[in-house]
Amino acid sequence: MADCVTKVELSVSCSDLLNKDVRSKSDPLCVLLQSSGGDTWTELGRTERVKNSCSPSFSQRLRVDYNFETVQNLKLGVYDIDNTSADLGDDDYLGGVELTLGQIVSSKTISRPLQLKKGKPAGKGTITITAEEIKDNRAIVLEFEARNLDKKDTFGKSDPFLEFFKQGDDGKWQLVHRTEVVKNNLNPSWKMFTVPLQTFCSSDLEKPLKVDCSDHDGDGSHDLIGSFTTKVSELQKTAHGSRVEFDCIHPEKQKKKKTYKNSGVVSVKSCKLVAQYTFLDYIMGGCQINFTVGIDFTGSNGDPRSPNSLHYMSPDGLNQYLSALWSVGEVVRDYDTDKLFPAFGFGAKLPPDYQAAHHEFALNFNPTNPYCQGIEGIVTAYRMVLPQLRLSGPTNFSPIINHVASIAATAAQDNNASQYYILLILTDGEITDFDQTKDAIVRASRLPLSIIIVGVGPADFKAMELLDGDNGVLKSTAGEAVARDIVQFVPYRQFKDAPKQALAQSVLAEVPNQLVSYFKMRGLDPPKAAPKV
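Residues numbered from 1 in each chain as written. Predicted model: local features only at pLDDT ≥ 70, side-chain atom pairs only at ≥ 80, totals over all residues. Heavy atoms only, no water.

1. A few points about empty space enclosed by the protein
Line of reasoning, step 1. Tallied over the entire structure, the rule returns one cavity of 30 Å³ or more.
Line of reasoning, step 2. In this structure, the largest cavity spans a volume of roughly 50 Å³.
Line of reasoning, step 3. Considering the residues around the largest cavity, the lining is formed by Ala411, Ala412, Asn415, Asn416, Ser418, Gln419, Pro448, Tyr518, Phe519, Arg522 and Leu524.
Line of reasoning, step 4. Listed by contribution, the elements that provide at least two residues to the lining of the largest cavity are α8 (398-412) and α12 (511-522).
Line of reasoning, step 5. Broken down by element, the lining of the largest cavity gets its largest block of residues, three residues, from α12.
Line of reasoning, step 6. The class makeup of the residues in the lining of the largest cavity is six nonpolar, four polar and one charged. (1 Å grid on protein atoms, 1.4 Å probe; cavity = no way out; pocket = protein on both sides within 12 Å on 5 of 7 lines; lining within 4 Å. Points joined across faces, edges and corners; volume = space filled by probe spheres on them. Helix = DSSP H or I, 4+ residues; strand = E, 2+ residues; numbered from the N terminus. Nonpolar A, V, L, I, M, F, W, Y, C, P; charged D, E, K, R; others polar.)

Okay, structure coming up:
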């Protein structure tokens, strides 16, 4: 019998967090991990970072598949983030909690004390998690502006931002979105934003909403400018040509002044409901995933004949390269109908002349037909060519990225959601053409392509983590930012002794969102999808 899977959304808030900053409060972020078996955990998502707050409410929801027939062990960890690195290892741990998804779902809302490692209490810190089943795939797209807001800063104007709250079943207001801050402006215009309709109003267009307009202060003590209440059905009137605006009311000023009118006016520039398709919508609608492999044969891997080499074949016929290939390939191959995978090597000198190193050669030595039949075909080609290669260098990633990107660019010209590409690069991490690789990734971020990098061996993978850039924005040498995040890096050593599926879960975790983000950016629906709105 098939497992019963339900999409669940978790909202998180904390109180009384430890303060790790000397001159200010902590800048907390919450990360959600799920057990992959043993001591291995796979990250499922992160909230935004809330600056200068020891009692944050996170607007970014965390989504997870709830499987009734399986015990799903979760870990929520709260960190004080003081840098742009995606690696949480260099951030202060403020506490965490381990519990099952079943416990959260059955309670709907659950609060637990935060603990440091080894079960030590994290001061008075607590975490509250609320679960909500996702039944609606629509989203609301909104854009707001304001005029004549109150001046709150002594030496400037105000730095306004908006917070949106929906009313829960218990009557309490739940934060569902927070806009960016517009600096020093009493007539701000905020960027357009998209929120799942269920998150925003529980898919109830008549559900009460509260909007707070506040002046941002660096120390976290934001000043309320004013508030108003509304509902989605009222916001939608702007789509029919009506002017939708609200007086921003500060309750204290309203009490004190009989002549008080408002503290400014907030207007809806645009409001629309859109279909929000999922990864499965695209796959079941006919989107094909095309899997390409690139393998590092540079000299830094060591002589394959030596047991110390990363390419050395163990008695069972495997090494780290092949183990990683099997783990990821076994998952991806199910989404590719013809099971023909192009496979390339880079950084080696080839027979018969062994002259210059090649940075993009067909693993089967057939440049006109680099396709291998299934993952087994890639493994067979690898084992056949390995004794014939002379490992060399330098380690250049950009040629193979540009090669796959050119194929993806051709597919993108069809202007439909029928093809998506995944490039798996297996490497020991000694990258030489870092700037060219950054440029290649920035260009590829506008194409139907994801890049997975698995680092094998004990190297320092700082360069790979910079390419991943989860918490920062990767930029080209010309200063152009990536259009979307397309790189996922994972060091193999973290999964060497973990269950077989753990590596695949980790390296493929971001691919569904990356695929959806590309087709959403292009405004492309699934090939066979019926309109949802």
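2. Description of unusual backbone geometry
Line of reasoning, step 1. The peptide bond linking Pro351 to Pro352 adopts the cis configuration, its omega dihedral lying at 5°.
Line of reasoning, step 2. Within the element layout of this structure, Pro352 appears in the loop between β19 (348-349) and β20 (361-362).
Line of reasoning, step 3. In the segment running from Gly393 into Pro394, the intervening peptide bond is cis, with an omega of 0°.
Line of reasoning, step 4. With respect to the helices and strands, Pro394 occurs in the loop between β22 (390-391) and α8.
Line of reasoning, step 5. Phi at Ser202 is positive, roughly 55°, even though this residue is not glycine.
Line of reasoning, step 6. By the element assignment, Ser202 lies in the loop between α2 (197-201) and β13 (209-215).

3. Section: the environment of Leu116
Line of reasoning, step 1. Relative to the elements of secondary structure, Leu116 occurs in the loop between β7 (109-115) and β8 (121-133).
Line of reasoning, step 2. Since its relative accessible area comes to 22%, Leu116 is described here as partly exposed.
Line of reasoning, step 3. Considering only alpha carbons, one finds Leu116 and Val328, 212 residues apart in sequence, at a separation of 33 Å.
Line of reasoning, step 4. Filtering out sequence-adjacent residues up to four positions away, Leu116 remains in contact with Leu18, Tyr93, Leu94, Gly95, Pro121 and Ala122. (Buried < 20%, exposed > 50% of the residue type's maximum accessible area, 1.4 Å probe, protein only. Contact = heavy atoms within 4.5 Å.)

4. Observations concerning the environment of Asp90
Line of reasoning, step 1. Examined against the element boundaries, Asp90 turns out to sit in the loop between β5 (73-80) and β6 (92-100).
Line of reasoning, step 2. With relative accessibility at 43%, the residue Asp90 sits in the partly exposed group.
Line of reasoning, step 3. Sequence separation between Asp90 and Asp80 is ten residues; the distance between their C-alpha atoms is 9.7 Å.

5. Remarks on the packing of helix α6 (residues 320-332) against helix α7 (residues 374-385)
Line of reasoning, step 1. Their axes nearest at 10 Å, the elements α6 and α7 cross at an angle of 165°. Considering their axes alone, α6 and α7 lie roughly antiparallel with respect to each other. Classified by chirality, the crossing of α7 by α6 is right-handed. Between α6 and α7, the contacting residues are Tyr321, Leu322, Leu325, Trp326, Gly329 and Glu330 on the first element and Ile375, Glu376, Ile378, Val379, Tyr382 and Arg383 on the second. (Axes fitted to C-alpha atoms, helices over the stretch in contact; angles between N-to-C directions. Parallel < 35°, antiparallel > 145°, perpendicular 65-115°, else oblique. Left-handed = near helix turned anticlockwise from the far one by under 90°.)

6. A look at the pattern of salt bridges
Line of reasoning, step 1. Per the counting criterion, the structure on display carries 19 salt bridges.
Line of reasoning, step 2. Residues Glu245 and Arg147 are paired through a salt bridge, measuring 3.2 Å at the closest nitrogen-oxygen approach. Taken together, the positions of Glu245 in strand β15 (residues 245-247) and Arg147 in strand β9 (residues 138-147) put the pair 98 residues apart, joining distant regions of the chain.
Line of reasoning, step 3. Put simply, Glu9, Arg61 and Arg63 are held in one network by salt bridges that share partners. (Salt bridge = Lys/Arg side-chain N within 4 Å of Asp/Glu carboxyl O.)

7. Quick look at the sheet that holds β13
Line of reasoning, step 1. If you trace the four strands from one edge of the open sheet to the other, you get β11-β10-β13-β14, paired in antiparallel fashion. The open sheet terminates on both sides in strands that have one partner only, identified here as β11 (173-178) and β14 (223-230). The sheet shows a mean angle of 25° between the axes of neighbouring strands, taken without regard to direction. (Pairing = 2+ DSSP bridges.)

8. Considering the packing of aromatic side chains
Line of reasoning, step 1. Under the counting rule described, the total for this entry stands at 17 aromatic pairs.
Line of reasoning, step 2. Ring geometry for Phe297 against Phe361: centres 6.1 Å apart, planes inclined by 35°, an arrangement best described as tilted. Here Phe361 lies in strand β20 and Phe297 lies in the loop between β17 (288-296) and α6, a separation of 64 residues in the sequence.
Line of reasoning, step 3. Take Phe297: its relative accessible area is 0%, and that puts it in the buried class.
Line of reasoning, step 4. With relative accessibility at 4%, the residue Phe361 sits in the buried group.
Line of reasoning, step 5. The rings of Tyr277, Tyr282, Tyr420, Tyr518 and Phe519 are connected pair by pair, giving a single aromatic cluster.
Line of reasoning, step 6. The residue whose ring lies beneath Lys117 is Tyr93, and the NZ or CZ to ring-centre distance is 5.0 Å. (Phe/Tyr/Trp six-rings, centres within 6.5 Å; stacked < 30°, edge-to-face > 60°. Lys NZ or Arg CZ within 6 Å of the ring centre and 35° of its normal.)

9. A few points about α6
Line of reasoning, step 1. Taking 1.5 Å of rise per residue, 13 residues should cover 18 Å, and α6 covers 18 Å from first to last C-alpha, within 8% of that figure.
Line of reasoning, step 2. Extensive coverage of α6 is indicated by the burial of ten of its 13 residues.
Line of reasoning, step 3. For α6, the complete set of buried residues consists of Gln320, Tyr321, Leu322, Ser323, Ala324, Leu325, Ser327, Val328, Gly329 and Val332. (Expected span 1.5 Å × (residues − 1).)

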